[in-house]
Amino acid sequence: MALKHPRHDGRGDRDLQVNPIFSREPVEVPRYALPRGEMEPGTAYQVVHDELMLDGNARLNLATFVSTWAEPEALRLMAECAEKNMIDKDEYPQTAELELRCVHMLARLWNAPDPRRAVGCSTTGSSEAAMLGGLALKRRWQRKGLKGRPNIVMGVNVQICWEKFADYFEVEPRYVPMEGDRYHLGAREAVELCDENTIGVVAVLGSTFDGSYEPVAGICAALDDLQERTGVDVPVHVDGASGAMIAPFLDPDLHWDFRLPRVASINTSGHKYGLVMPGVGWALWRDQDALPDDLVFHVNYLGGDMPTFALNFSRPGAQVVAQYYTFLRLGFDGYRRVQQNCRDVATRLAAEVAKLGPFELLTDGSDIPVFAFRTHDDAGFNVFDVSAALREYGWLVPAYTFPKNREDLAVLRVVVRNGFSHDLADLLLDDLRRVLPRLSAQTSPQRTPEDAGGFAHGAETKNPRTPGRS
């Protein structure tokens, strides 16, 4: 959860003033303390509803990877399951059955050698799923009885959850920096950092910095060669938060999943390109050997014996039900259609942005439907000026700098999700064209990375290095 500190916004502890139209007489409501008494439900609703009007329009938020649209039937099912606790499988056996079906569907989608032996679970999101994958890697390393500090190898572009994993679970993070036009992990660079204490290599299928796939097959081949030369056996975890729900449908010939024997586990986010409202993620292991038994706990105080492997305990079952609904509703062809449309919008929008003149593409949306672009050095404005100008029209387009070795590079990133149509893309282009004459009249950039506020990629990190996944 996000930690919140006291606000210093000039309002202090001044109470909320409730408009009398919503209550029998004027009421003062404390902002940061529980009210002394009750109020009518309609009044409480209106107070909260009115404050939330100040939030941005989620459909115009091109920073987030998280689903912002769902069919009414999915929302209805979620409302019907709002009270169901996913951990209580004895009380809600059919919800547990739907979770199991989703795991088997994903095992087949990701080409597990024997989908019946693949193991997996739902989580609160792909960050928790990634940490579970990391914990399994660490426990397998511990079973080897090796001395020394465990380490994990990954590109500097990994999502913040991997930095948290290394910090919280005392694993040395070994980051491969960006170099030149290589903006993610390379196979040779990954192997150079591996040794007998490496618990695994994290390969990202869809970098949050630019949307690109990392070369999973190449990384596995390089690790095969390392084992042949030295005997050091290093497994791979694929962080497929976004790409694991894109590649199976649009890039079927791309080998990144359990077809590669070195891939031990995969995580994805159901509430990104799994097309479900937040929050649900999935973690899968290729077989039972990849998930050590002693990481699985058994509880019986809710009735019956329930195995659990999670960082959370109680959590909603509604999103799992919505995931099963979406799998059932769309099927393989439906997912392919939706994801292809997202990619078509992203690649066309990227091409149109490139035609505007002041911009240069880093990626074009042809991996996951995400692309990044920068301003030319002689533009007279920078990406932070562009982001601020677009926000005046309601668009949330993040601007941020890249991490170590490419801190000189600042970009804008656009995430195309289900529900962002060609028509909305044209409206974004219209507004971009509208602000360019004003920006071009500048003699120098007016804004800095510090002005980016919550959109700066380093905002969630202890060190300004990695982007958030939200």
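Read on for an overview of the structure. The structure displayed is predicted, hence computed values, not measured ones. (Residues numbered from 1 in each chain as written. Predicted model: local features only at pLDDT ≥ 70, side-chain atom pairs only at ≥ 80, totals over all residues. Heavy atoms only, no water.)

## Details of the overall build of the protein chain
As a reminder, the rule being used: The secondary structure listing takes helices from DSSP runs of H or I that are at least 4 residues long and strands from runs of E that are at least 2 residues long, numbered from the N terminus. When accessible area is computed with a 1.4 Å probe and restricted to protein chains, residues below 20% of their type maximum are described as buried, those above 50% as exposed, and intermediate ones as partly exposed. For this analysis, residues touch if any pair of their heavy atoms sits within 4.5 Å. Per-residue and other accessible areas follow the Shrake-Rupley method at a 1.4 Å probe size, with only the shown protein chains counted as cover for residues.
Helix and strand content of the protein chain: 11 helices and 15 strands. For the protein chain, buried positions account for 53% of its 470 residues. Of the contacts formed within the protein chain by residues at least 6 apart in sequence, a portion of 70% connects residues at least 24 apart. Accessible area for the protein chain stands at about 22,100 Å²; split by element, carbon and sulfur atoms hold 51% of it.

## Things to note about the packing of aromatic side chains
How we decide: A pair of aromatic rings is counted whenever rings of Phe, Tyr or Trp (Trp by its six-membered ring) have centres within 6.5 Å, and the orientation is called stacked for planes under 30 degrees apart, edge-to-face for over 60 and tilted otherwise.
Counted according to the given criterion, the structure contains 14 aromatic pairs. Here Phe165 and Phe169 contribute two aromatic rings whose centre-to-centre distance is 5.6 Å and whose plane-to-plane angle is 40 degrees, an arrangement assigned as tilted. Residue classification places Phe165 among the buried residues on the basis of a relative accessible area of 0%. Since its relative accessible area comes to 23%, Phe169 is described here as partly exposed. Measuring from centroid to centroid gives 6.4 Å for Phe359 and Phe381, while their planes differ by 70 degrees, and the two rings are edge-to-face. Here Phe359, found in strand 12 (residues 359-361), pairs with Phe381, found in the loop between strand 13 (370-375) and helix 10 (383-391); they are 22 residues apart in sequence, far enough to count as distant. Each member of the pair, Phe359 as well as Phe381, is classed as buried.

## Notes on helix 11 (residues 422-440)
To keep it simple, the criterion reads: Take the number of residues in a helix, subtract one, and multiply by 1.5 Å to get its expected span.
With 19 residues, helix 11 extends 26 Å between its outermost C-alpha atoms, agreeing within 8% with the 27 Å of an ideal straight helix rising 1.5 Å per residue. For helix 11, the complete set of buried residues consists of Leu424, Ala425, Leu428, Leu429, Asp431, Leu432, Val435, Leu436 and Leu439.

## Quick word on the pattern of salt bridges
Counted only if it meets this: Throughout this description, the term salt bridge denotes a Lys or Arg side-chain nitrogen within 4 Å of a carboxyl oxygen of Asp or Glu.
Here the structure, examined in full by the defined rule, presents 25 salt bridges. In this structure, Arg262 engages Asp224 in a salt bridge whose closest nitrogen and oxygen atoms are separated by 2.7 Å. Here Arg262 is found in the loop between helix 8 (247-250) and strand 8 (263-269), whereas its partner Asp224 is found in helix 7 (residues 216-230), with 38 residues between them in sequence. Overall, the relative accessible area of 10% leaves Arg262 in the buried class. The residue Arg343 makes a salt bridge to Asp251 at a minimum N-O spacing of 2.9 Å. Of this pair, Arg343 sits in helix 9 (residues 318-355) while Asp251 sits in the loop between helix 8 and strand 8, placing them 92 residues apart in sequence.

## Topic: empty space enclosed by the protein
We apply this condition: Throughout, the protein atoms alone are placed on a 1 Å grid, and a set of points is a cavity if a 1.4 Å probe fits but cannot get out or a pocket if it is open with protein on both sides within 12 Å along at least five of seven lines; lining residues have an atom within 4 Å of a point. Grid points are joined across faces, edges and corners, and a volume is the space filled by probe spheres set on the points. Amino acids outside the nonpolar list (Ala, Val, Leu, Ile, Met, Phe, Trp, Tyr, Cys, Pro) and the charged list (Asp, Glu, Lys, Arg) are all regarded as polar, and Gly is one of them.
Within this structure, the stated rule accounts for two cavities of 30 Å³ or more. Estimated volume of the largest cavity: approximately 50 Å³. When residues of the lining of the largest cavity are traced back to their parent elements, those giving at least two are helix 9, strand 13 and helix 11. For the lining of the largest cavity, the per-class residue count stands at nine nonpolar, no polar and no charged.

## Brief notes about the nonpolar core
Put simply, the test is: Residue types Ala, Val, Leu, Ile, Met, Phe, Trp, Tyr and Cys, when buried and joined through side-chain atoms within 4.5 Å, form a set referred to as a nonpolar core.
If you look at the biggest cluster of nonpolar residues, it comprises 67 residues, and the most contacted ones within it are Trp110, Val201, Val216, Leu223, Val236, Trp256 and Val263. The element contributing the most residues to this core is helix 9, with 10 residues. Those residues within four positions of Val263 in sequence are excluded, and the remaining contacts are Val216, Cys220, Val236, Val238, Trp256, Asp257, Phe258 and Arg286. Listed in part, the 33 residues of the second largest apolar core include Leu62, Val397, Leu412 and Leu439.

## A few points about unusual backbone geometry
Here Pro278 and Gly279 are connected by a cis peptide whose omega angle stands at 0 degrees. With phi around 55 degrees, Glu170 is a residue other than glycine that occupies positive phi space. The residue Glu170 is located in the loop between helix 5 (160-168) and strand 5 (172-176) in this model. Residue classification places Glu170 among the exposed positions, given a relative accessible area of 58%. The phi dihedral of Leu275 is positive, around 70 degrees, even though this residue is not glycine. Looking at where Leu275 falls in the secondary structure, it is placed in the loop between strand 8 and strand 9 (281-285).

## Topic: the sheet that holds strand 5
Pairing between the strands of a sheet comes from backbone hydrogen bonds, and it takes one of two forms, parallel or antiparallel. Inclusion rule: By the convention used here, strands pair only if DSSP detects at least 2 bridges between them. To get an axis, fit a line to the C-alpha atoms, keeping to the stretch in contact for a helix; angles then go from 0 to 180 degrees between the N-to-C directions.
Pairing within the open sheet is mixed, and its seven strands lie in the order 3-9-8-7-6-4-5. A single partner strand is all that each edge strand has here, and the edge strands are strand 3 (119-123) and strand 5. The sheet shows a mean angle of 20 degrees between the axes of neighbouring strands, taken without regard to direction. Strand direction decides the pairing type here: strand 6 (residues 198-204) and strand 7 (residues 236-239), joined by four bridges, are parallel. Following the sheet pairing, Val204 is matched in strand 7 by Asp239. Most of the contacts of helix 3 (residues 93-109) go to strand 9, to which it runs at about 60 degrees, and overall it touches strand 3 and strand 9.

## A closer look at the sheet that holds strand 12
Reading across the sheet, the four strands line up as 12-13-15-14 and stay open at both edges, with antiparallel pairing between neighbours. At either margin of the open sheet sits one strand with a lone partner, and together these are strand 12 and strand 14 (399-401). Ignoring which end each strand starts from, the neighbouring axes of this sheet average 40 degrees apart. Here three bridges tie strand 14 to strand 15 (residues 410-415), and the two strands are oriented antiparallel to one another. When the sheet's bridge partners are listed, Ala399 is paired in strand 15 with Leu412. Sheet strands touched by helix 10: strand 12, strand 13, strand 14 and strand 15. Its angle to strand 15, the strand with the most contacts, is close to 40 degrees.

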